[in-house]
Amino acid sequence: MRDLVHGLAAHIRHVVRADRAGAGGRYVDGTTAGGDAEFPVDVLAEEAAWDYLVEAGIPLAVYTESHGLRRIGAHPRHVLVIDPIDGTRGAAADMEPACVSIAAARYTDAPTIGDIDCAMLMEIKTGHWMYADDSQPGLHSSGYPGRLPCLGTTTDLERMFWTLEFNGHPAQLMVGAYGHLIDASANRGGVYVVNSASFSISRIITGQMDAYVDIGNRLLRDHPETEAAFRTVGHGSILHLFPYDIAASVYLAERAGVVITDAYGESLHDTLLLDISAGNQRSCIAACTPELHQSLLSAIHW
């Protein structure tokens, strides 16, 4: 499986990098199955992923952002959950925060994040990658200075470097929930808006960031009256964390020792891998230390 997912990630990256100028740049081309904006580079990456796997000829179930579940061959034993580009806007702008995200699990009627047995993230711009599977402990990586994981030791909310997300999230509601954290950390620490969960979580593994926070789904669950606001900025759809957004990065983060849960502090393991309905979308808080994670859980309010 390692050779397959590494080859797949490398192929997607190569196709996207080679044909980026002809992929239409930053102009939206349509919408994904979940309702998110689909850019031409997404279409290119989806086609590259499917073509590679069909050519490989290995019986697999394949779940991708735009096409949902498809099968190659009879009686597949594994399902690959692929976000060909997590961080489309970064890729469209030729910036760093964009990854190929691939997670594999035994193919059952209802596989979950807890069933994942291998995962890989590969950065579109740099080619750096990190990988882990159940057959051996630790992480394997290439391109990063030193060995991974390289977690920070920050426990102080004022000194943390952290990322958050606004795609599909009403800015006024989000700032109301954690604006005090932005104010506290913007000067002594650092606050970054990075619309890629995979890239954000991977930066905790590399030690570049201390935390990642996406609480949109909890805000909606706790306050159903906000649904209209979420649908307005999502152009009719609820756009919180889909399973394919976080499947690989949750597995890798846990392997690295990152504390990662939903915004209630509960495990993400019961998240269904093949369900993108609003009821299966999630929130996420990830941190380099248990103390910082607990402080974030305690500090967020609405």
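Bear in mind that the values here come from a model prediction, so they are computed numbers and not experimental data.

Chemist: Can you walk me through the pattern of salt bridges in this structure?
Modeler: As a working rule, side chains carrying opposite charge can pair if their charged atoms are close by. As enumerated under the stated definition, the model contains 9 salt bridges in all. A salt bridge links R255 to D134, with the shortest nitrogen-to-oxygen separation between them at 3.6 Å. On the criterion of sequence distance, the pair formed by R255 in helix α8 (residues 243-256) and D134 in the loop between β8 (129-133) and β9 (136-142) is long-range, its members being 121 residues apart. Between D156 and R159 there is a salt bridge; the shortest N-O distance is 3.8 Å.

Chemist: Honestly, helix α1 (residues 2-18) in this entry has me stumped. Any pointers?
Modeler: Each α-helix turn comprises 3.6 residues. Residues three or four places apart therefore point the same way. Between its first and last C-alpha atoms α1 spans 24 Å; for 17 residues at 1.5 Å apiece the expected length is 24 Å, and the two agree. Among all positions in α1, only L4, V5, G7, L8, A9, I12, V15 and V16 are buried. Lining the buried residues of α1 we find α2 (40-56), β3 (60-64), β5 (78-86), β6 (99-106), β7 (116-123) and β8.

Chemist: Whenever I open this one, the pairing of β9 confuses me. Can you help?
Modeler: Residues in a regular strand point their side chains to alternate faces of the sheet. Examined bridge by bridge, β8 and β9 share 4 bridges and lie antiparallel to one another. Counted as the bridge partner of W129 is S142 from β9. The turn linking β8 back onto β9 is made up of 2 residues.

Chemist: What am I meant to see in the environment of I12 here?
Modeler: Counting through the fold element by element, I12 comes out in helix α1. Looking at I12, the relative accessible area reads 0%, which means it is buried. With sequence-adjacent residues up to four places away left out, I12 is seen in contact with A45, A48, A49, P84 and V100.

Chemist: Hey, could you run me through the nonpolar core in this one?
Modeler: Among the nonpolar cores identified, the biggest contains 64 residues, and I205, I260 and L296 are the most heavily contacted of them. The element best represented in this core is α8, accounting for 9 residues. Apart from the residues within four sequence positions on either side, I205 is in contact with M130, L139, L148, P149, C150, L151, L252, A253, A256 and V258. Core analysis: the next-biggest nonpolar cluster, separate from the first, contains 28 residues, F39, M120, I124 and W129 among them.

Definitions and limits used
Residues numbered from 1 in each chain as written. Predicted model: local features only at pLDDT ≥ 70, side-chain atom pairs only at ≥ 80, totals over all residues. Heavy atoms only, no water. Salt bridge = Lys/Arg side-chain N within 4 Å of Asp/Glu carboxyl O. Helix = DSSP H or I, 4+ residues; strand = E, 2+ residues; numbered from the N terminus. Expected span 1.5 Å × (residues − 1). Buried < 20%, exposed > 50% of the residue type's maximum accessible area, 1.4 Å probe, protein only. Contact = heavy atoms within 4.5 Å. Pairing = 2+ DSSP bridges. Core = buried A, V, L, I, M, F, W, Y, C linked by side-chain atoms within 4.5 Å.

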